[in-house]
Amino acid sequence: MPRINNLYNPASDKPFKLSRSKIDMFLDCPRCFYMDRRLGISRPSGPAFTLNVAVDALLKKEFDVYRANGTKHPLMETYGLDAVPVAHELLDQWRHNFTGVQCLHKKINMLVYGAIDDLWKNSAGEYIVVDYKATSKEGEVELTDAKWHNSYRRQMEVYQWLLRQNGLKVSNTGYFFYVNGKKDRAGFNGVLEFDAKLIPYTGSDSWVEQTIFNIYDCLNLSDLPESNLECEFCQYRAKAQAVEK
Ligand code: SF4
């Protein structure tokens, strides 16, 4: 049975909740987005990334110590960063997956939201969006042209846009705090060691608002939008249907 979600109902006067990840789904394929948000037919989901969630939770605790003291994390010192982890009365809410940073777009009655990992502030008074990432790969981690890295970039830009809608002065430069699990140790012994790296990303949120309007238009279509011709799942579905017929 497909999962039934909070669907978009054109006749409803309740705000429609649109998460950061669903914005990305729309950009990936309007057809899949429409099926998910309008018709309640979701893509099959895999198991949760529980190890990444654990790393995120521990990093939040780690940075909260420096936030409470108003001092830099050692990696920020290493990179000579002009910033400290900053406190904000709404930070807990902004970090929570089900609330996140929110913006009610009144014109189209959409509540756009996304949960940030961390918030820093520089000496110019600009807030800095920080996202924690965990992986395990040979060599250095870096942002590449890989599809999911473009998704990371958009993720950062949506968070920047949301915080700006909440009245914050936000730097165009955010940081990925990337940790890389080391596989070259003698054994596990209950310990997984990580190298940590700060990757700056300077982006632009100029695309976000128009995309939200495009999403609104998509949700109000009476027919399915076109599918993404490059999508391997749809190609698989088409081939499978052809042989089934
Ligand atoms: S192309 Fe097909 S399977 Fe792929 S995302 Fe779109 S609707 Fe879904």
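As a reminder, the structure under discussion sits directly above these lines.
Only a predicted model underlies this, so the values are computations on that prediction, with no experimental measurement involved.

### Considerations on the site of the ligand
No. 1: Neighbouring the ligand are C29, R31, C32, M35, R43, S227, N228, C231, F233 and C234.
No. 2: Going through the elements one at a time, α2 (30–37) and α8 (232–244) are the ones with two or more residues in the shell around the ligand.
No. 3: Here the shell around the ligand gets three residues from one element, more than from any other, and that element is α2.
No. 4: Among the residues making up the shell around the ligand, the classes are represented as six nonpolar, two polar and two charged.

### A few points about the environment of R153
No. 1: Within the element layout of this structure, R153 appears in helix α6 (residues 147–165).
No. 2: Residue class for R153 comes out buried when judged on its relative accessible area of 16%.
No. 3: Each C-alpha atom, one on R153 and one on S123, is 24 Å from the other, the two residues being 30 residues apart in sequence.
No. 4: In this structure, R153 is in contact with L143, T144, F176 and Y201, ignoring residues within four places of it in sequence.

### Structural notes on a nonpolar patch on the surface
No. 1: On the surface, L39, I41 and L224 cluster together into a nonpolar patch covering about 240 Å² of accessible area.
No. 2: Relative to the helices and strands, L39 is located in the loop between α2 and α3 (50–69).

### With respect to the side chain of E157
No. 1: If you trace the backbone, E157 turns up in helix α6.
No. 2: Of the side chains bearing the opposite charge, R154 lies closest to the buried E157, which forms no salt bridge; the N-O distance is 6.8 Å.
No. 3: Of note is the side chain of E157, whose polar atom sits 2.5 Å from the side chain of Y201.
No. 4: Beyond its immediate stretch of four places on either side in the chain, E157 contacts Y201, G203, S204, D205, W207 and V208.

### A word on the environment of L192
No. 1: Residue placement: L192 occurs in the loop between β7 (173–181) and β8 (194–202).
No. 2: On the accessibility criterion, L192 (46% relative accessible area) is partly exposed.
No. 3: Once the C-alpha coordinates of L192 and K182 are considered, the two residues, ten residues apart in sequence, prove to be 7.0 Å apart.

### Overview of the sheet that holds β7
No. 1: Taken in spatial order, the five strands make up an open sheet running β2-β5-β6-β7-β8, and their pairing is mixed. Single-partner strands in this sheet number two, and they are β2 (83–85) and β8. Neighbouring strand axes in the sheet, compared pairwise and without regard to direction, differ in orientation by 30 degrees on average.
No. 2: Its contacts with the sheet put α3 on β2, β5 (118–122), β6 (127–135), β7 and β8, and the angle it makes with β6 is roughly 140 degrees.
No. 3: This element, α6, spans β5, β6, β7 and β8 of the sheet and lies at about 135 degrees to β7.

Thresholds applied
Residues numbered from 1 in each chain as written. Predicted model: local features only at pLDDT ≥ 70, side-chain atom pairs only at ≥ 80, totals over all residues. Heavy atoms only, no water. Near = heavy atom within 4 Å. Helix = DSSP H or I, 4+ residues; strand = E, 2+ residues; numbered from the N terminus. Nonpolar A, V, L, I, M, F, W, Y, C, P; charged D, E, K, R; others polar. Buried < 20%, exposed > 50% of the residue type's maximum accessible area, 1.4 Å probe, protein only. Contact = heavy atoms within 4.5 Å. Patch = residues over 30% accessible without salt bridge, like charges linked within 9 Å, V, L, I, M, F, W, Y side chains within 5 Å. Areas by Shrake-Rupley, 256 points an atom, 1.4 Å probe, with all protein chains shown as cover. Salt bridge = Lys/Arg side-chain N within 4 Å of Asp/Glu carboxyl O. Lys, Arg positive; Asp, Glu negative; His and termini not counted. Polar contact = N/O pair within 3.5 Å; in protein donor to acceptor, adjacent residues only side chain to side chain. Pairing = 2+ DSSP bridges. Axes fitted to C-alpha atoms, helices over the stretch in contact; angles between N-to-C directions.

Any functional reading would require information beyond the geometric quantities listed.
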